[in-house]
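Remarks on the overall topology
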Amino acid sequence: VKEFLLGTLASILASEIVGSCPAISRWLVRRAVGFLPKESRERYAEEWNAELDVLRKSDRNVSTLLWAIRVVAGAPRIGKTLRSSAKARSYVSPMMLLYQMVMGVALLISIPLLLLRRGSNYLAMLQGRLGKAAGAVRFTGGIWLHAVSVSEVGVAAALARGLPADVPLLITTVTPTGQARAHAMFKPERRAVEIAYLPFDLGFAVRRFYNRFAPRALVMVGGDYWPLLQREARRRGLPVASINCRIGDQSLARMRRLRPIVGELLAGIDRFGVQTQEDYARFISLGVAPERIRVTGNIEYESPEAFQNPELEKTLCALAAGRPILLAGSTVAGEEEKILAAHEMVGGGARALLILAPRHPERWTEVEALLRGRTVAAVRRSALPATGIQVPAVVLLDSLGELASLYRLATAAFIGGTLVPTGGHNPLEAARSGVPVAVGPSMHNFRRVAEQFDRARAWRRVCNARELGEVWKEWLKNPAAARDQGARAVCLIDESRGALQRTLDILEGLQLADQGLFRSSAAF
Amino acid sequence: MTLQTQRVLAILLNEPLADHYGLEIAKKAGLASGSIYPILARLEAAGWVTSGWEDIDEAKEGRRRRRYYRLTAVGKREVLLVLEEVKRQIFPDLLGEPA
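The structure reproduced in this document is the subject of the present report. (Residues numbered from 1 in each chain as written. Chains lettered and ligands numbered in written order. Predicted model: local features only at pLDDT ≥ 70, side-chain atom pairs only at ≥ 80, totals over all residues. Heavy atoms only, no water.)

Things to note about the overall build of chain B
Helix and strand content of chain B: five helices and three strands. Moving toward the C terminus, one meets the helices and strands of chain B in the order α-β-α-α-β-α-β-α. Carbon and sulfur atoms provide 51% of the accessible area of chain B, an area that totals close to 5400 Å². (Helix = DSSP H or I, 4+ residues; strand = E, 2+ residues; numbered from the N terminus. Areas by Shrake-Rupley, 256 points an atom, 1.4 Å probe, with all protein chains shown as cover.)

In structure tokens, the structure reads:
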């Protein structure tokens, strides 16, 4: 009887213990989570409870208990790993500390100056650059394409066409103009895309940005390198590529002077796609291993056409009232007077409608005052379609992101930033539309493109207002010659294609395939 | 690198595009379930592995979302280097290295 009672008791106890396994396991998971740093507890509790459910469903109570015992046994080690990882992440080397201090001071000085000089347009930019973008993030885990200039946004848009449509994109720029261009070129209804400002290279802004968007790969268009930004990419295991990059003479001299810092910056980039053999040699001279560089050519030749605004085009054509349209794009201070003089030489508003597009938004009011001072019949684009002037001489394009699509309306164009020594702006958007283009002597920002255009006589060089007026007059008088001039540039652009595919090859070789960002892989 | 870690990496490397959760990795790697998490935490801290939540409607699926693990590009590169080194140590003659 005693044996029977003991056996029964043991059996009841065993079945009680087994029956209590799930509860004990849950309790053990709670104990295990207690070993972890506070910020990780929620995540692991959710993860382990989900796995506990899987085990419980398989109805193996003892296995569940054993699993929980092992989890609690391993938890102190996980806690140690997480704490030392957090410590390593928060460690800032003296050099980086100094860098951040210098950056901080430089920003404190330059931000008020920027706001004074460029106005409140830049307030939203400041917020974005501190990593505090407005609105909720819709997509995370995408490919991050960073572009600085307007033309680099075009390169990013060209590249985006070659990337799988179902992969989200994160596009960053640094100016309101760049943002406007990105919004014009990346339509959210066409693909999953987030457009944001690049954060300032300050620890808190960079971390906030990465946490917000959680990108899976970083592709920098051109050479806008930032130490903290790239360091964080490495820490998070992101593949990093710099594409369509070039090194100008001045940049090379500067980079050579700062070689130890630059070497470290470039070492954090997995692949470089450079525009020419000369750039290839320059990167090697800066210590980049040859196997990480490939000459791809210039993707700018393959930038997609800007999205059109048929309403605006219709309005402008109505305002032109049968007159040809002359377009002066991306003009800078000191150029508008010359352009107005050239317009006058042509015959003014009686002969052609001039669309004047200053490069920087903060100059719109200044240019309007100039037009008023000269009693030119002008309207601002922002006032359209309602305007008191039926047949204006000039339309002041006071909008962002619309210029590129308007070149195709013009009979002749001029690229700003070239009649004053600022280095010029991208001529390819205008040239691609087939409009004959005139540029001034200053084109050193686009030296190689300029060399090609000069060689192919794909544009006309002018030195002053008089020469610009003569060229415009010639093209208005002889539309066939104007068309030939435009066609020459289109032909040059067509011949220069191929860089896009070579760049996509680089990205595939960068193991993005293994990130699920490409469907197939190709050798680099 | 311990043998257990190598097994975990082998699972992730074999199916780089698949989503793996802890229990599943442990099972495939032949490891005692529950002992996998310190390994995954270490790999994640090193940037070799990344993790993210499963995107499901928990009410509809009738279960909690899982935490999925995947090799990063850096992780893959490092694993391949380790494999290369292991090969070199095991087959020095085949690879033309001095014994």
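Some points on the overall build of chain A
Within chain A, the regular secondary structure consists of 21 helices and 14 strands. Each of the 524 residues in chain A was classed as buried or not, and the buried ones make up 52%. Contacts spanning at least 24 positions in sequence make up 70% of the contacts within chain A whose residues lie at least 6 apart. (Buried < 20%, exposed > 50% of the residue type's maximum accessible area, 1.4 Å probe, protein only. Contact = heavy atoms within 4.5 Å.)

Looking at the packing of aromatic side chains
Throughout the structure, instances matching the rule amount to ten aromatic pairs over all chains. Between W67 of chain A and Y37 of chain B the ring centres are 6.2 Å apart and the planes differ by 85°, which places this aromatic pair in the edge-to-face class. Placement of the pair is W67 of chain A in helix α3 (residues 61-90) and Y37 of chain B in helix α3 (residues 36-45), with the two residues belonging to separate chains. Like W67 of chain A, the residue Y37 of chain B is buried in the burial classification. When the ring of F453 of chain A is compared with that of W459 of chain A, the centres are 4.8 Å apart and the planes differ by 45°; the resulting orientation is tilted. Note on accessibility: F453 of chain A and W459 of chain A belong to one class, buried. Here the aromatic residues Y44, W48 and W67 of chain A together with Y37 of chain B are joined through ring pairs into a cluster of three or more. (Phe/Tyr/Trp six-rings, centres within 6.5 Å; stacked < 30°, edge-to-face > 60°.)

Quick look at the packing of helix α6 (residues 150-162) of chain A against helix α7 (residues 176-185) of chain A
Axes are the key here: two packed helices are described by the angle between their axes and the distance separating the axes. Residues and elements named next belong to chain A. Running from N to C, α6 and α7 cross one another at 25°; their axes reach a closest spacing of 9 Å. The angle between α6 and α7 falls in the class roughly parallel. Between α6 and α7 lies a crossing whose hand is right-handed. Every residue of α7 that contacts α6 at V150, V153, G154 and A157 is listed here: T177, G178, R181, A182 and M185. Considering only residue class, the contact of α6 with α7 consists of five nonpolar, three polar and one charged. (Axes fitted to C-alpha atoms, helices over the stretch in contact; angles between N-to-C directions. Parallel < 35°, antiparallel > 145°, perpendicular 65-115°, else oblique. Left-handed = near helix turned anticlockwise from the far one by under 90°. Nonpolar A, V, L, I, M, F, W, Y, C, P; charged D, E, K, R; others polar.)

Re the pattern of salt bridges
Residue and element names in this part refer to chain A. Here the structure, examined in full by the defined rule, presents 23 salt bridges over all chains. Among the salt bridges present, the one from R466 reaches E470, with a minimum N-O distance of 3.1 Å. Here E470 and R466 lie together in helix α19 (residues 465-477), a separation of four residues that amounts to about one turn. (Salt bridge = Lys/Arg side-chain N within 4 Å of Asp/Glu carboxyl O.)

So, the environment of A50 of chain A
Positionally, A50 of chain A belongs in helix α2 (residues 38-57). Residue A50 of chain A is classed as buried on the basis of its relative accessible area of 5%. Dropping the residues within four chain positions of it, A50 of chain A is found in contact with R64 and R65 of chain B.

Overview of the environment of E474 of chain A
Residue position: E474 of chain A is located in helix α19. Sequence separation between E474 of chain A and V346 of chain A is 128 residues, and the spatial gap between their C-alpha atoms is 9.1 Å.

Considering the sheet that holds strand β7 (residues 293-295) of chain A
Residues and elements named next belong to chain A. Across the sheet, which stays open at both edges, the seven strands sit in the order β3-β2-β1-β4-β5-β6-β7 with parallel pairing between neighbours. Each edge of the sheet is formed by a strand with only one pairing partner; in this case those strands are β3 (193-197) and β7. On average, each strand axis in the sheet is inclined to that of its neighbour by 20°, with strand direction left out of account. Relative to strand β6 (residues 271-274), strand β5 (residues 240-245) runs parallel, the two being bridged by three bridges. The residue bridging A241 from the neighbouring strand is R271, located in β6. Lying on the sheet, helix α8 (residues 203-213) is in contact with β1 (143-146), β2 (169-173), β3 and β4 (217-221); it crosses β3 at an angle near 170°. (Pairing = 2+ DSSP bridges.)

Details of the interface of chain A and chain B
Each side of the interface is counted separately: chain A has 34 residues, and chain B has 33 residues. Both faces considered, chain A and chain B share a buried interface measuring about 2700 Å² in area, 53% of it formed by carbon and sulfur atoms. Remark: the boundary between chain A and chain B carries three salt bridges. Across the salt bridge formed by E44 of chain B and R43 of chain A, the nearest N and O atoms sit 3.3 Å from each other. (Buried area = accessible area lost by both parts, 1.4 Å probe.)

Let's talk about helix α5 (residues 73-90) of chain B
For α5 of chain B, with 18 residues, the first-to-last C-alpha span of 26 Å sits near the 26 Å given by 1.5 Å per residue. Every buried residue belonging to α5 of chain B is among A73, V74, G75, K76 and V79 of chain B, and all of these are buried. Buried positions along α5 of chain B lie against α9 (227-235) of chain A together with α1 (3-14) and β3 (67-71) of chain B. (Expected span 1.5 Å × (residues − 1).)

Digging into the packing of α2 of chain A against α3 of chain B
Two numbers describe how α2 of chain A lies on α3 of chain B: the axes approach to 13 Å, and their chain directions differ by 140°. In terms of their interaxial angle, α2 of chain A and α3 of chain B are classed as oblique. The element α2 of chain A and its partner α3 of chain B pack so that their crossing is right-handed. Judged by residue contacts, R43, Y44, E47, W48 and E51 of chain A of α2 of chain A engage Y37, A41 and E44 of chain B from α3 of chain B. When the residues that make up the contact of α2 of chain A with α3 of chain B are grouped by side-chain class, the tally is four nonpolar, no polar and four charged.

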